[in-house]
Amino acid sequence: MIVRELAERLGLGVLGDDRATIRGVAPLDRAVATDLSFLANPKYRGQLSTTSAGAVIAPADAAERAPCAVLVSRNPYADFARAAAMFEHRPQRSPGIHASAVIDESATVGAGAHVGPLVFIGARSIIGPGATVGPGCVIGEDCVVGEGAELVARVTLVVRVQIGKRVLIHPGAVLGADGFGLAFDQGGWLKVPQLGGVRIGDDCEIGANTTIDRGAMGDTVLENDVRLDNQIQIAHNVHIGAHTAMAGCSAVAGSARIGRWCLIGGGAGVLGHLEICDKVTITAMSLVTHSIKSPGEYSSGTPLMDNRAWRKSAVRFKQLDELARRG
Amino acid sequence: MIVRELAERLGLGVLGDDRATIRGVAPLDRAVATDLSFLANPKYRGQLSTTSAGAVIAPADAAERAPCAVLVSRNPYADFARAAAMFEHRPQRSPGIHASAVIDESATVGAGAHVGPLVFIGARSIIGPGATVGPGCVIGEDCVVGEGAELVARVTLVVRVQIGKRVLIHPGAVLGADGFGLAFDQGGWLKVPQLGGVRIGDDCEIGANTTIDRGAMGDTVLENDVRLDNQIQIAHNVHIGAHTAMAGCSAVAGSARIGRWCLIGGGAGVLGHLEICDKVTITAMSLVTHSIKSPGEYSSGTPLMDNRAWRKSAVRFKQLDELARRG
Amino acid sequence: MIVRELAERLGLGVLGDDRATIRGVAPLDRAVATDLSFLANPKYRGQLSTTSAGAVIAPADAAERAPCAVLVSRNPYADFARAAAMFEHRPQRSPGIHASAVIDESATVGAGAHVGPLVFIGARSIIGPGATVGPGCVIGEDCVVGEGAELVARVTLVVRVQIGKRVLIHPGAVLGADGFGLAFDQGGWLKVPQLGGVRIGDDCEIGANTTIDRGAMGDTVLENDVRLDNQIQIAHNVHIGAHTAMAGCSAVAGSARIGRWCLIGGGAGVLGHLEICDKVTITAMSLVTHSIKSPGEYSSGTPLMDNRAWRKSAVRFKQLDELARRG
């Protein structure tokens, strides 16, 4: 694809010679003359002037530093995402049901859907038109996979799980397992039945080995365009607002409610029954212990230190109340 | 089921009209006239007086606030768990072995057991009477699944794993993988063989994507009625006492020993070779760095703060020893 | 095996009677007369004098305390690892492809390789000579499994994943899933294509339910002899140096670079785009928030306290800046 064509498809203007041919994408410091690259993070500005890329997507104010054609963008990372998709080779999943799949006779597979090898689909479940159920997936009873959704491989939907349109779920994810409901009685635990389901909105993405439990009563809900990284734990009856993104290994306890456009850092935790309003950022490995009513960035923890120095501060932390009273 | 019948089956007395018909269960604020609800957490007392439920399970001292029949209970959450189980529709797993399952000729499947589609069972493993091995499970060599136990779907028992009676294991759980045993030698790592197994007592529950490694020498052990949520990591040779419950994403390092009736919060960690006595509570995301000899509640970490304020405290944490000496 | 023979195979000298017969291995406090045991951790010195083991591997300076034959070693744990391997019974995996496996016609399975039941192997993937692909594994397109590598069971390699020689991967691990790449645009998220792959060096070990994402551009890389425990998350474009070991539930964010011979504690986190030099130890549940340029041990967090005392310190942590200014 020549640069001019690329720019037209992205709706961007070009500074410099727009006749170079582009065959792939690469970061600034590794790109060659047939690569498209981009500048989004100002930290990499220095690399722009020395890149060997054939063209770059960059903001207007950085364009003059580039030794090649510049596709001028107000949001270079987003435009780069669009451009990269043009060069992506995604494996073809042909419509139809693989001979090794086991499908309950009451289940339905929509037109154009792909059901891969060694898949199980249980009673009354419905696979939408054009959806992909990759190798080794297990879908239990009463589930719905939306139109164009993709379960990459070895995904499990346990029971009463509804997946919206174009949702992408990565391997090892488990949706709709029993929530962790226990009543203490006579010295031991009694299981509380988990009668609800899981509802995932359109355009969500769910990472590898992430778990989303079904509700105790009522459903666990992700609104549209929620993005979950790998190894996230979402407990029963959690509700996550549209456009919220959570990084790897974060976790939300039962019945917590997270707003829209929130960013939850890696390894962060949210206690149960809390509410977090829209547009809240939680930094990595912080623990949210109370509801948050104002947008903004929140943190807990202590900074990384040399272990010897840390030990001294740690001992003093134990004495803090005494020190404060004395002070 | 009418309220009177329900009360009789639960062994509870009724205040108010006991002739209403109940068809399901719901929380106080969403219940309709054919729903049973409950009050356990005092926080929701306000909802009791306005509920539309047909009947509620509640403590005696709250009964007069209810606009409907009250089943009087000393442990409303436990009695509600029993009631909800009466309304639960669990998928039927008919006895027998699915045609797509692959079972080693030296393995044994007990009377009334269900072995689902696309299951593998290895040499010398034994599936107990009435047990369920759901779709996609992999059971390796020398494993035993107890009477009435259920492996929901896609559970892996690697080798030498014994599961007690009525144990419930959720999808993605891996029991009996190699413990993480390494000896450093000549600049690199040497694997230490993991020769032990895993023993899970009766009535345990193990969450989705939880991992329990087998012992290096001797076994990793969960006593009866241990309850593990999702994504928990139990390392080799850990021993967990009866009736202990651990919340999601918590982890226990090698050879640690946890007592009975402990509660381990979400994301909490326990270092290796420690002992925690009975009736200890660890709050969420705390790290246990020494043995605990007295029952009680233990914590580490710092409270959640606005990021700007947190940065100031974090800088001062580094200076704590100096501040204390100066103070 | 008699003690003399064992010592010869390990290249160690013997103190005491070398004619006892050894049939297994056990820890000092549980060993019987036919067991070999070892002393590596000085904490267990007391157990040496009372052990019933038939022989022990121990350092020279502890030998005189032993009531049995001593195989004198400078690295008792490593020599014990070698000895234990002689007594390990590993399940035989006979060469060949199980009838229930589904293998794309463009895939290649090397001489002597074992492909187990209910395995899927996708287009153009290559299984090396003598490799083992255990039951329920899913291997997507364009993957390579090195000579003698073992995927124990239910491992997923998504796409463009290269595994070195003798690598061992435990159940539930997912390698090569999409990295978590998102561009924010017009109020929602745009997926950034993940065009790279994963490269795992020789002799690595990867724990159960661990996830390693493929690179956005370029690859995610583990050099030789990297050892990962269970439930670890490695994000896209991370690079981990040879001989580094990471404990369970630790996580590394995108494009971080970790040196050689590092030890990352359980539950620890490393933020994205950082560099950690060789020979760095991070203690459990610490968060690395900046690059580390000097070898050594680093920590964050606060010590475990009784909850009541902790609450007092926690409140004071919030006031730290004020206290310091006042002080």
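Residues numbered from 1 in each chain as written. Chains lettered and ligands numbered in written order. Predicted model: local features only at pLDDT ≥ 70, side-chain atom pairs only at ≥ 80, totals over all residues. Heavy atoms only, no water.

1. A look at the sheet that holds strand β22 (residues 198-200) of chain B
Residue and element names in this part refer to chain B. With parallel pairing, the nine strands of this open sheet are ordered in space as β8-β11-β14-β17-β22-β25-β28-β31-β34. Unpaired on one side and paired on the other, β8 (108-109) and β34 (275-276) mark the two borders of the sheet. As paired elements, strand β17 (residues 161-163) and β22 share three bridges and run parallel to each other. Its bridge partner lying in β22, Ile163 is registered against Ile200. (Pairing = 2+ DSSP bridges. Helix = DSSP H or I, 4+ residues; strand = E, 2+ residues; numbered from the N terminus.)

2. Points about the pattern of salt bridges
Summed over all chains, the structure comprises 57 salt bridges over all chains. Note that B:Arg166 is salt-bridged to B:Asp203, the shortest N-O span being 2.7 Å. A residue pair is termed long-range when its members are at least 10 positions apart, and B:Arg166 in the loop between β17 and β18 (168-169) and B:Asp203 in the loop between β22 and β23 (205-206) qualify at 37 residues. Since its relative accessible area comes to 27%, B:Asp203 is described here as partly exposed. One continuous salt-bridge network, built from bridges that share partners, spans A:Asp178, A:Lys191, A:Arg214, B:Glu205, B:Asp225 and B:Arg227. (Salt bridge = Lys/Arg side-chain N within 4 Å of Asp/Glu carboxyl O. Buried < 20%, exposed > 50% of the residue type's maximum accessible area, 1.4 Å probe, protein only.)

3. Concerning the interface of chain B and chain A
At the interface, 65 residues of chain B touch 72 residues of chain A. For the pairing of chain B and chain A, the buried interface totals around 5,500 Å² over both sides, and the portion due to carbon and sulfur atoms is 63%. Three residues stand out in chain B for area buried against chain A, namely B:Arg154, B:Leu304 and B:Phe317, and they jointly supply 15% of the buried area on that side. If you look at where chain B meets chain A, you find four salt bridges. Notably, a salt bridge pairs B:Arg93 with A:Glu141, separated by 2.9 Å at the nearest N-O pair. Where chain B packs against chain A, one counts 27 residue pairs in polar contact (both at pLDDT 80 or more). Per-element accounting of the side of chain B that touches chain A gives the leading share, seven residues, to helix α3 (residues 76-87) of chain B. The residue makeup of the side of chain B that touches chain A, split by class, is 37 nonpolar, 14 polar and 14 charged. (Contact = heavy atoms within 4.5 Å. Buried area = accessible area lost by both parts, 1.4 Å probe. Polar contact = N/O pair within 3.5 Å; in protein donor to acceptor, adjacent residues only side chain to side chain. Nonpolar A, V, L, I, M, F, W, Y, C, P; charged D, E, K, R; others polar.)

4. Describing the layout of surface pockets
Considered as a void within the structure, the second largest pocket measures approximately 840 Å³ in volume. Residue lining of the second largest pocket: 42 residues in total, with A:Asp178, B:Glu88, B:Arg90, B:Glu150 and B:Leu168 positioned closest to the centre. At the level of secondary structure, the elements contributing two or more residues to the lining of the second largest pocket comprise β13 (138-141), β16 (156-159) and β21 (188-191) of chain A. Residues belonging to the lining of the second largest pocket are distributed by class as follows: 21 nonpolar, seven polar and 14 charged. (1 Å grid on protein atoms, 1.4 Å probe; cavity = no way out; pocket = protein on both sides within 12 Å on 5 of 7 lines; lining within 4 Å. Points joined across faces, edges and corners; volume = space filled by probe spheres on them.)

5. A look at the domain arrangement of chain A
The parts lose accessible area when they come together, and the size of an interface is often stated as this lost area. By domain assignment, chain A separates into domain 1 (3-87) and domain 2 (155-298). Measuring from the centre of the C-alpha atoms in domain 1 of chain A to the corresponding centre in domain 2 of chain A gives 37 Å. (Domains from an automatic or database assignment.)

6. Remarks on helix α4 (residues 307-318) of chain B
Residue and element names in this part refer to chain B. Its 12 residues give α4 an end-to-end C-alpha distance of 17 Å, which sits within 8% of 16 Å, the value for a rise of 1.5 Å per residue. Taken residue by residue, α4 has Asn307, Trp310, Ser313, Ala314, Arg316 and Phe317 as its buried positions. Backbone nitrogen of Arg308 and a side-chain oxygen of the N-cap are separated by 3.0 Å at the start of α4; the cap is Asp306. (Expected span 1.5 Å × (residues − 1).)

7. Regarding the state of the cysteines
Residues and elements named next belong to chain A. Summed over the entire model, instances satisfying the criterion amount to zero disulfides over all chains. Free cysteine Cys143: the closest other cysteine sulfur is in Cys137, separated by 12 Å. Owing to a relative accessible area of 1%, Cys143 belongs among the buried residues under this scheme. Distance from the sulfur of Cys204, which forms no disulfide, to the nearest cysteine sulfur (Cys262) is 14 Å. (Disulfide = S-S within 2.5 Å.)

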